[in-house]
Amino acid sequence: EGRKKPNVVVIIADDLGWGDVHFVNPSKDKAAFAETPTLDKLSSEAVVLQNFYVNPMCTPTRASLLTGKYPFRINQAISYAVLAERWPSDGLGLEHELISERLEERDYVGHLVGKWHLGFNSPYLPIDRGFNTFFGLYSGMFDHYTHKIMNEVPSQTPTIHVRPSQGCKECKWLIL
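A short tour of the structure in this document, coming up. The written sequence of each chain sets the order in which its residues are numbered from 1. Thresholds applied to this predicted model are a pLDDT of at least 70 for local features of residues and 80 or more for the giving and counting of side-chain atom pairs; totals over whole chains, interfaces and linings are not thresholded and use all residues. With hydrogens and water stripped out, all remaining heavy atoms of the structure feed into the side-chain values.

With respect to the environment of L94
Secondary structure elements are taken from DSSP: a helix is a run of H or I of four residues or more, a strand is a run of E of two residues or more, and numbering for both begins at the N terminus. Mapped onto the elements, L94 comes out in the loop between helix 3 (76-80) and helix 4 (99-105). Taking relative accessible area as the criterion, L94 reaches 45% and is therefore assigned partly exposed. Excluding anything up to four places from it in sequence, L94 contacts P123, Y124 and R129. Accessibility here uses a 1.4 Å probe with only protein chains present; expressed as a share of the type maximum, an area under 20% marks a residue as buried, one over 50% as exposed, and anything in between as partly exposed. For this analysis, residues touch if any pair of their heavy atoms sits within 4.5 Å.

Side note on the environment of G114
Mapped onto the secondary structure, G114 falls in strand 1 (residues 111-115). Its relative accessible area of 17% is what places G114 among the buried residues. Spatially, the C-alpha atoms of G114 and G140 are 9.9 Å apart, while their sequence positions differ by 26 residues. Excluding residues that lie within four positions of it along the chain, G114 makes contacts with F134, F135, G136 and L137.

What to know about the packing of aromatic side chains
Note on ring pairs: Phe, Tyr and Trp rings are taken, using the six-membered ring of Trp, and paired if centres are within 6.5 Å. Classes follow the plane angle, with under 30 degrees stacked, over 60 edge-to-face and the rest tilted. Enumeration over the complete set of coordinates arrives at two aromatic pairs. Whether a charge lies above a ring is judged from NZ of Lys or CZ of Arg, which has to be within 6 Å of the ring centre and within 35 degrees of the ring normal. When the ring centre of Y108 is taken as origin, the NZ or CZ atom of K5, which lies over that ring, is 4.5 Å away.

Shown next as C-alpha cells:
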C-alpha cells in the first residue's frame, strides 16, 4: 500500500536482433555493432524479457507485445500485414485490452514516443488506448530524423497528442 510503484519502460526496436546489444552478448566485437551504454545500464537494473518472439513485420509485433496475445489470435490483418492509412477505419480491435490500459487502471501515467502503427483515427489512437501522451507518427516506413516516408517525397509532421485532462504540466517534456 505505501510502496512506490515500479516504473515500466518498454522499448521496441524494429530490426534489432537479440544478440545485437551489448548486455545480451558482451563478447561480440564492439566495432561491428553500436555500443549501447544506456540499454546496458537499464538492463542491469531491470527485468529483461527473454522469451518474446517477434514477427517479420512491425505491426504484429507491437500488437502482440501490447496485448499479450499471439498475432494470429488477434486478427488476420494484424497477423500478416501492417495497417495502412488507406484503411482509416482499421485499428487494433477494441476488444483486445492493452497493457497500457491495464496500467492506466492502476494509476500509471503512460507516454508513447515513436511509431504507433496500430490505428489512425479515434478510437484506435494511443491516447484512446491507455497512453496519456503521444509524440510520434502513426504509420510506418518513415525516417525518424527527416520524417520522410520511405521511397516518397512527402514528409509527415510528428503528432503531439495530449489528453485534454492532462494539460501541459503533464507533457512539458514533450514540448520543446
